[in-house]
Amino acid sequence: MKAVVLGAAAGGGFPQWNSNAEACRRARAGDSKAAARTQASLAVSGDGERWFLINASPDLRQQIQAQPILHPRRALRSSPIEGVILTGADVDAIAGLLHLRERQPFSLYATQRVLDVLDANPIFGVLSPECVLREEVPLGQPFTLSHLDGSASGLEVELFDVPGKVALYLEGGRNTDLAGQPGDTVGVEIRADGQRLIYIPGCARMTDALRRRLSGAAVVLFDGTLWRDDEMVALGLGPKTGQRMGHMSVSGPDGTVAAFRDIPVKRRILIHINNSNPILLDDSAERIAVEKEGWEVAYDGMEVSP
Ligand code: MLT
Ligand code: MN
C-alpha cells in the first residue's frame, strides 16, 4: 500500500485566509519553520498508479497540481483518481468534490448518513450519476476497493464510527444532538499486505472500541486539531472549545498523546491540525514535546506508506 498526505491542516488551512495571528503571518511569509499546509486529505493506492482519496478537501485542485502522482497520463481526458472515501459531511471533507466535476468517472464511498447530505444538496448533482457512482458503505463491514476496470485494488477498506459531531452547517433542525448519529463521523481502516493504516481526522474522545481497533496498526493518522481545548478562546480567535467542535485535544490528561501512551502503534502521525495549534511550528516547545512522545506532525506531501 502507498499512502501520501495531500493536506495536513484542519478546516481553513494554514495560513487561514482571515487569520492575522503570528503563526499564520509566518506561514504567509514563507518561513521554513512554519510550512503552509492545505486542508486534510490522504491519497492511498494499491499499485502506485491508481489512487483513492480519503476526503475531498476544498484545496483539492491545488493538491492535485502539487502531486504528480495525481496528474492525468493515460487518455486525453483521464485521472489516476478512481475513488473518494468520505469520513463525514464537513465542508473540509466534501467541498473538493466540486473540483471533480467534468464528467470524469470515479466512485464515491460513504455512509448513508453522509450520502443523504450530498443527495439533499443539488450542487453535488454536478457529479453526474452517469459518471460518479455513490456507494453506501455500512459501518464495520470491510470491502475491497475495485479499480474502474473492475480489477481488485488490493486495498480492503472498513469505515467505523468514532465520537464526533454533526457538520457545523447542519447544526439545529433534525440534528438536536450535536454529537450526531452513527455514520456522521467515521474513521477509515485500510488493509493491505497484512498491514493496517487508520485515518481519523476528527475524534471527540478515545473509547475502548477505538483503542482495540488502533492497537497494532502500522500507521495511524489522528485528529491533531487543537493543542489545548480552550486555545481558540484563550487566543481570542473564536468562542468555541475543541470539545464544542467535536475534537479531543493533543495535550492534557484526556488528550491524544496521553490516550495513545498504552496503545501499540508503529507510526503515529497528527493530522487535521488547526492554524492555532503550535505544533505546526517546527521551532515550538509543543512540537518538540510531541516528537519526544513518538509522534510525527503531518505536512503536505508526507509519505506515510506502511
Ligand atoms: C471541524 O473539523 O470541526 C470542521 O471541519 C469545522 C468546520 O466545519 O469548519
Ligand atoms: Mn474539519
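Residues numbered from 1 in each chain as written. Chains lettered and ligands numbered in written order. Predicted model: local features only at pLDDT ≥ 70, side-chain atom pairs only at ≥ 80, totals over all residues. Heavy atoms only, no water.

If you look the protein up in an unreviewed UniProt entry, it shows as Coenzyme PQQ synthesis protein B from Reyranella soli. Of the comments in the UniProt record for the protein, the one headed Function (unreviewed entry) reads "May be involved in the transport of PQQ or its precursor to the periplasm." (UniProt positions renumbered as here; feature names shortened; annotations may be inferred.)

Draft legend 1. Representation of the coordination of the manganese ion (ligand 2) within the structure. Donor atoms from the polypeptide that bind the manganese ion (ligand 2) are Asp 92 (OD) and His 272 (NE2), placed at 2.1 to 2.2 Å. Placement of Asp 92 in helix H3 (residues 91-94) and of His 272 in the loop between strand E12 (267-271) and helix H8 (285-292) is noted, with a sequence separation of 180 residues between them. Here the two residues Asp 92 and His 272 agree in accessibility, since each one is buried. (Donors = N, O, S within 2.8 Å, 3.2 Å for Na, K, Ca; no water. Helix = DSSP H or I, 4+ residues; strand = E, 2+ residues; numbered from the N terminus. Buried < 20%, exposed > 50% of the residue type's maximum accessible area, 1.4 Å probe, protein only.)

Draft legend 2. Geometry of the nonpolar core. Counting residues in each nonpolar core, the largest one holds 33 residues, and the members touching the most others are Phe 14, Ile 200, Met 206, Leu 214, Phe 222, Phe 260 and Val 290. Residues in contact with Leu 214, not counting those within four places in the same chain, are Arg 196, Ile 198, Ile 200, Met 206, Val 220, Phe 260, Ile 263, Pro 264 and Val 265. Within the second largest apolar cluster, 30 residues are counted, among which are Leu 42, Tyr 199, Leu 221 and Val 304. (Core = buried A, V, L, I, M, F, W, Y, C linked by side-chain atoms within 4.5 Å. Contact = heavy atoms within 4.5 Å.)

Draft legend 3. Representation of the UniProt feature "domain: Metallo-beta-lactamase" (unreviewed entry) in the protein in the model. Within this numbering scheme, the UniProt entry marks residues 50-273 as carrying the feature "domain: Metallo-beta-lactamase" (unreviewed entry). Measuring from the first to the last C-alpha atom of residues 50-273 gives 27 Å, for a span that is 16% helix and 25% strand.

Draft legend 4. Spotlight on the pattern of salt bridges. Applying the stated criterion across every chain yields a total of 22 salt bridges. Close ionic contact of Arg 287 with Asp 282 constitutes a salt bridge, the shortest N to O distance being 3.1 Å. The exposure class assigned to Arg 287 is buried, which follows from its relative accessible area of 7%. Residue Asp 282 is classed as partly exposed on the basis of its relative accessible area of 34%. For Arg 287, the salt bridge identified is with Glu 291, shortest N-O distance 3.6 Å. Residue Arg 287 and its partner Glu 291 are both found in helix H8; the two are separated by 4 residues, about one turn of the helix. Each of Glu 156, Glu 158, Glu 189, Arg 191, Arg 196 and Arg 213 takes part in a single network of salt bridges with overlapping partners. (Salt bridge = Lys/Arg side-chain N within 4 Å of Asp/Glu carboxyl O.)

Draft legend 5. Quick peek at the sheet that holds strand E1 (residues 2-7). Strand order in the open sheet formed by 6 strands is E1-E2-E3-E4-E5-E6, with mixed pairing between adjacent strands. The two strands at the open ends of the sheet, each matched to only one other strand, are E1 and strand E6 (132-136). With strand direction ignored, the average angle separating the axes of adjacent strands in the sheet is 20°. Pairing between strand E4 (residues 81-85) and strand E5 (residues 106-110): 3 bridges, direction parallel. Following the sheet pairing, Val 84 is matched in E5 by Leu 108. (Pairing = 2+ DSSP bridges. Axes fitted to C-alpha atoms, helices over the stretch in contact; angles between N-to-C directions.)

Draft legend 6. Geometry of the side chain of Ser 45. Tracing the sequence through the fold places Ser 45 in strand E2 (residues 41-45). Judged by its relative accessible area of 0%, Ser 45 falls in the buried class. Among the polar contacts listed, one links the side chain of Ser 45 to the side chain of Asp 47, at a separation of 3.2 Å. Looking at Ser 45, its side chain comes within polar contact range of the main-chain nitrogen of Gly 48, at 2.7 Å. If we skip the residues at most four places from it in the chain, Ser 45 touches Met 1, Lys 2, Arg 50, Trp 51 and Leu 155. (Polar contact = N/O pair within 3.5 Å; in protein donor to acceptor, adjacent residues only side chain to side chain.)

Draft legend 7. How the structure looks around the sheet that holds strand E11 (residues 219-223). Spatially, E7-E8-E9-E10-E11-E12-E13 is the arrangement adopted by the 7 strands of the open sheet, whose pairing is mixed. Looking at strand neighbours, the two that pair on one side only are strand E7 (143-146) and strand E13 (295-297), the edges of this open sheet. Across the sheet, the mean angle separating the axes of adjacent strands is 30° when strand polarity is ignored. Where E7 and strand E8 (residues 152-161) come together, 3 bridges link them in antiparallel fashion. In the sheet register, Thr 144 faces E8, and the bridge partner there is Glu 156.

Draft legend 8. Representation of the environment of Gln 243 within the structure. By secondary structure assignment, the location of Gln 243 is in the loop between helix H6 (231-234) and helix H7 (256-260). Judged by relative accessible area, which is 45%, Gln 243 ranks as partly exposed. Between the alpha carbons of Gln 243 and Gln 195 there is a distance of 32 Å; along the sequence they are 48 residues apart. Not counting residues up to four positions away in its chain, the partners in contact with Gln 243 are Ala 204, Asp 229 and Met 248.

Draft legend 9. Focus on the site of ligand 1. The environment of ligand 1 is made up of Asp 90, Asp 92, Leu 168, Met 245, His 247 and His 272. Asp 90 places a polar side-chain atom, nitrogen or oxygen, 3.4 Å from an oxygen atom of ligand 1. Looking at the shell around ligand 1 residue by residue, the class counts come to 2 nonpolar, 2 polar and 2 charged. (Near = heavy atom within 4 Å. Nonpolar A, V, L, I, M, F, W, Y, C, P; charged D, E, K, R; others polar.)

Draft legend 10. Summary view of the pairing of E11. In terms of burial, E11 is largely enclosed, as 5 of its 5 residues are buried. Where strand E10 (residues 195-200) lies against E11, 4 bridges are found, and the strand directions are parallel. Paired with Ile 198 across the bridge in E11 is Val 220. Between E10 and its parallel partner E11, the chain crosses via helix H5 (residues 208-214), and the hand of that crossover is right-handed. Examined bridge by bridge, E11 and E12 share 5 bridges and lie parallel to one another. Its bridge partner being in E12, Asp 223 is matched across the sheet by Ile 271. (Right-handed = clockwise from strand over helix to strand, strands pointing away.)

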